[in-house]
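# Notes for the structure review
Listed below, chain by chain, are the residues.
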Amino acid sequence: MIIENIINASVELFTISTVILMAVGVVAGLIAGAIPGFTFAMAVVLVLPFTFSMTPVAGLATMMGVYVGGLSGGLMSGILTGIPGTPSSVATTFDGFPMARNGQPGLALGLGVWSSFFGGILSAIVLVLVAPQIALIGLEFQPWDFFSLVIFALTVTASLAADNLLKGLISGLLGLLVATIGTDVIFGLPRLNFGSEALVQGFQFLPVLIGLFAFSQLLNDVRDPEMARSKISDGDAQSIKIEHRKAAIAVLKSWVNLLRSTIIGIFVGILPAAGSSISNILAYDQAKKSSKTPEKFGTGFSDGIIAPESANNATAGGTLITMMALGIPGDIVTAIMLGALLIHDVVPSPSFIADQPVIAYSIFISFFVATFMMLGLQSITLKGFVRITRLKMYILASIILFYTAVGVFALNNIEFDMWTLFLFGVFGFVLKALGFPIVPVILGVVLGSIAEKNLSQAFAITTDLAPFITRPWSLFFLTLGAVSIFFPAYQKSRGKEKWTLAFIPVFVMALSPSVFMMDGVIRPYAVAPILLVLGGFMLWRRISGGWVLDQDDTGALVDAPDPSQLDE
Amino acid sequence: MRINRDVIVAIALLIICALFINASFRIKEATFGQMSSALWPRIILAPLTILSFVYLVRSLLQSEPVREKRGGLSGWIGYYKNPIVCFFLFFIFLITMPYFGMLIGGILFVFAMLTYLGGYRPRDIVVHGTIAVAAVGIMWSIFTFGLGVILPSGEIIPYL
């Protein structure tokens, strides 16, 4: 069955035009990812209008090329200029830039490229193997479970706003509220349109997303008049040659670090909203803590490049698992892909892989192929990167701003969509300026109709609210949601206050009741007791240890930026 | 207790909540189904109102009011002058779209943005004009001829 699906998808995917489009997508992603201020998510947004006239397979393959290219592109500017091209490459600069300044820019770039490659390939394998299995679990979900999953996705997104949990939650709710404007998704009745005819159709999801994210970001990039008029970067990398052979051997020699970072990347990707901006820092932190020579980190050490770069590319596989297996986008890129699928009348859900095997396996294969393309095209784009960074920011921003308007219009051929872009551009800009994170708003807009549909279906079955806590998956997600609400407080107080010692054990034990309630044998009779015993053991260890705080365990990640600011 | 930026934002949020709650009572009820069309917006508005109120109280009780680094409203406007002007230019671009159309309007918009952000020297104006015509022209051609999208035309020059 899998082989048949792979063959069918390959027939669709490996046409000359689609392969060329993918290669163009990878190059565009690499360059966009390399330009500081232009995240790869922006590149995926900008490429979207071009995919309207393509087949779903060609369109998604192109977007996948941009995604994979963009994830790897950030390392170029990070290593050569010390300014990460995207938040996904923040940790790469810690050792990449010093190594380049120590006279080994070719090796530093090679380590980044090969780590990205291996991280991406391993993550693609996990994606192919795990996504169909998770989709099978997804088939167990009933409307209550989906609703609770959406609640979990929103709470975990809001909790990533760190110190600003309150603002994160308000942002998520504002996103949900925006999605209710226009017409009721169940009965088609007009609502909350304040008497405006134009608002009866509601706001289209993609113009809202592009406005909130790309439009507001572009204007942020030109806020400072001096910065707007200066060249994007003064880096001169034309004479640099990537040392592929030496770098590939070094990455393979550090296979434990590579594997650990890849696992971190995939796991972070599976979690809704926790993207590569977090995984790269987390992987770097773990690599440093596990190293026999932690003092070398920050001085141009190869492990300090391998960890973040393998993790950020691996995250892509994780986010795709959640989107393809459950139909829930975990970050902006998968939200855009969900939008692209909807344009082609394909609705992602747990049955997506079974119902649309050609499209699903095309995504798997294109992720795999794009990773290989990235490896080959990185050297070429290095020259393009140098040329583009000689442009001034205001020129790029002005042209792209116009392009977003054209692209948004092309979506439905409706002028109102451009007004939506403008309104949400202003809205996103103001929110950012006031310290509200943007990602929860976007996920709120995307997930709002999914939540409402499932709530309505749940109420159509019974008006009793009990299934929200008596159904195992619903309880599982609500437990995770509750934990994510308290997680910022835990992270802040870790190593300082004694209650934090009980947080993880209690969290692990709290998950067990829902797992006990699940069907089958392994989950209730093996996984649930293990969770209970593990949590109890951790608690006992801490009690028997005198409930003493570990002074080293402050929870602070190495120079970790505020995740709320990493709007990727 | 001091009025700071957060207090104003929280009050604005509460006003928005009040407007939406009020509007939710004017939503028509469906005669079938279990869940009314107004229920979901109210489920969202209830926690949003509570959290906005918590935000207000927290902002009022802040022991050290957030210092306005940019010196009040005029400083804020000065700090965000570029984005504000760009938003205004985009607004003009949209409102004049029926007259100029996407091509002419786009060229004017990109030129105006480039010139505002990049400078007014004669050489800059020539460069900006060239960039605006080339970039918008290429993009317009790709969408019109390549992707088959009929972009809005203007009254001034029909079909463009």
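The rules behind these values
- Residues numbered from 1 in each chain as written.
- Chains lettered and ligands numbered in written order.
- Predicted model: local features only at pLDDT ≥ 70, side-chain atom pairs only at ≥ 80, totals over all residues.
- Helix = DSSP H or I, 4+ residues; strand = E, 2+ residues; numbered from the N terminus.
- Rg over C-alpha atoms; globule rule 2.2 N^0.38 Å.
- Buried ≥ 20, exposed ≤ 12 C-beta atoms within 10 Å, placed from the backbone.
- Contact = placed C-beta atoms within 7 Å.
- Nonpolar A, V, L, I, M, F, W, Y, C, P; charged D, E, K, R; others polar.
- pLDDT = per-residue confidence, 0-100.
- Domains from an automatic or database assignment.
- Core = buried A, V, L, I, M, F, W, Y, C linked by C-beta atoms within 7 Å.
- Axes fitted to C-alpha atoms, helices over the stretch in contact; angles between N-to-C directions.
- Parallel < 35°, antiparallel > 145°, perpendicular 65-115°, else oblique.
- Left-handed = near helix turned anticlockwise from the far one by under 90°.

## Focus: the overall build of chain B
Scanning chain B for helices and strands turns up six helices and zero strands. When the helices and strands of chain B are listed from N to C terminus, the series reads α-α-α-α-α-α. Its C-alpha radius of gyration of 24 Å places chain B more than 25% over the 15 Å reference for a compact globule of 160 residues. Principal-axis analysis of the C-alpha atoms gives chain B an extent of 55 × 55 × 25 Å. Within the span of chain B, comprising 160 residues, buried residues form 31% of the whole. Long-range contacts, defined here as pairs at least 24 residues apart, represent 62% of the contacts in chain B between residues at least 6 apart.

## Some words on the overall build of chain A
Scanning chain A from N- to C-terminus turns up 24 helices and two strands. Here the C-alpha atoms of chain A give a radius of gyration of 23 Å, agreeing with the 24 Å that 2.2 N^0.38 yields for 568 residues. Counting all 568 residues of chain A, 60% fall into the buried class. In chain A, once contacts between residues fewer than 6 apart in sequence are set aside, the share between residues at least 24 apart is 79%.

## With respect to the interface of chain A and chain B
Note: interface size is frequently given as the accessible area lost on complex formation between the parts. Taken together, the contact pairs 46 residues of chain A with 50 residues of chain B. If you list the elements that add at least two residues to the side of chain A that touches chain B, you get helix H8 (165-180), helix H10 (225-229), helix H18 (393-412), helix H19 (416-433) and helix H20 (439-461) of chain A. Of the residues forming the side of chain A that touches chain B, the biggest block, ten residues, is contributed by H18 of chain A. Taken together, the residues of the side of chain A that touches chain B break down into 34 nonpolar, six polar and six charged.

## Observations regarding the confidence of the model for chain A
All names here are of chain A. Scored by pLDDT, chain A has a mean of 85; 93% of the residues are at 70 or more. Looking over chain A, one finds the lowest element-wise mean pLDDT in helix H15 (residues 332-343), namely 79, and the highest in helix H21 (residues 467-470), namely 94. Note on residues 558-568: pLDDT is under 50 here. Beyond four places in sequence and across chains, it has 32 contacts.

## Overview of the domain arrangement of chain A
All names here are of chain A. Partitioning chain A into domains gives domain 1 (2-231 + 249-459) and domain 2 (464-544). Each of domain 1 and domain 2 was reduced to a C-alpha centroid, and the two centroids are 29 Å apart. Contacts between the two partners involve 16 residues from domain 1 and, on the opposite side, 13 residues from domain 2. Within the side of domain 1 that touches domain 2, the residues separate by chemical class into nine nonpolar, four polar and three charged.

## Some points on unusual backbone geometry
Residue and element names in this part refer to chain A. Phi is positive for Leu192, which is not a glycine, with a value near 50°. Positionally, Leu192 belongs in the loop between strand E2 (190-191) and helix H9 (205-221). We classify Leu192 as buried; it has 23 C-beta atoms within 10 Å. The backbone of Trp547 shows a phi angle near 55°, a positive value even though the residue is not glycine.

## Details of the environment of Phe146 of chain A
All names here are of chain A. Mapped onto the fold, Phe146 is located in helix H7 (residues 143-159). Classification of Phe146 by C-beta neighbours within 10 Å gives buried; the count is 27. Between the C-alpha atoms of Phe146 and Ile328, which are 182 residues apart in sequence, the distance is 9.1 Å. Apart from residues no more than four positions distant in its own chain, Phe146 is found in contact with Phe141, Ile450 and Asn454.

## Observations concerning the nonpolar core
Residue and element names in this part refer to chain A. Ranked by size, the top nonpolar core spans 232 residues in total, and within it Val44, Leu209, Phe367 and Ile442 carry the most contacts. With 16 residues, the top contributor of residues to this core is helix H17 (residues 357-388). Setting aside anything within four residues of it in sequence, one finds Ile442 in contact with Gly175, Leu209, Leu212, Phe213, Ile332 and Ala335.

## Thoughts on the packing of helix H3 (residues 40-51) of chain A against H18 of chain A
Residues and elements named next belong to chain A. Direction vectors running N to C along H3 and H18 enclose 40°, while the axes themselves pass 9 Å from each other. Taken together, the axes of H3 and H18 are oblique relative to one another. Pair H3 / H18 crosses with left-handed handedness. For the pair H3 and H18, the contacting residues are Leu46, Leu48 and Pro49 in the first and Ile400, Tyr403, Gly407, Ala410 and Leu411 in the second.

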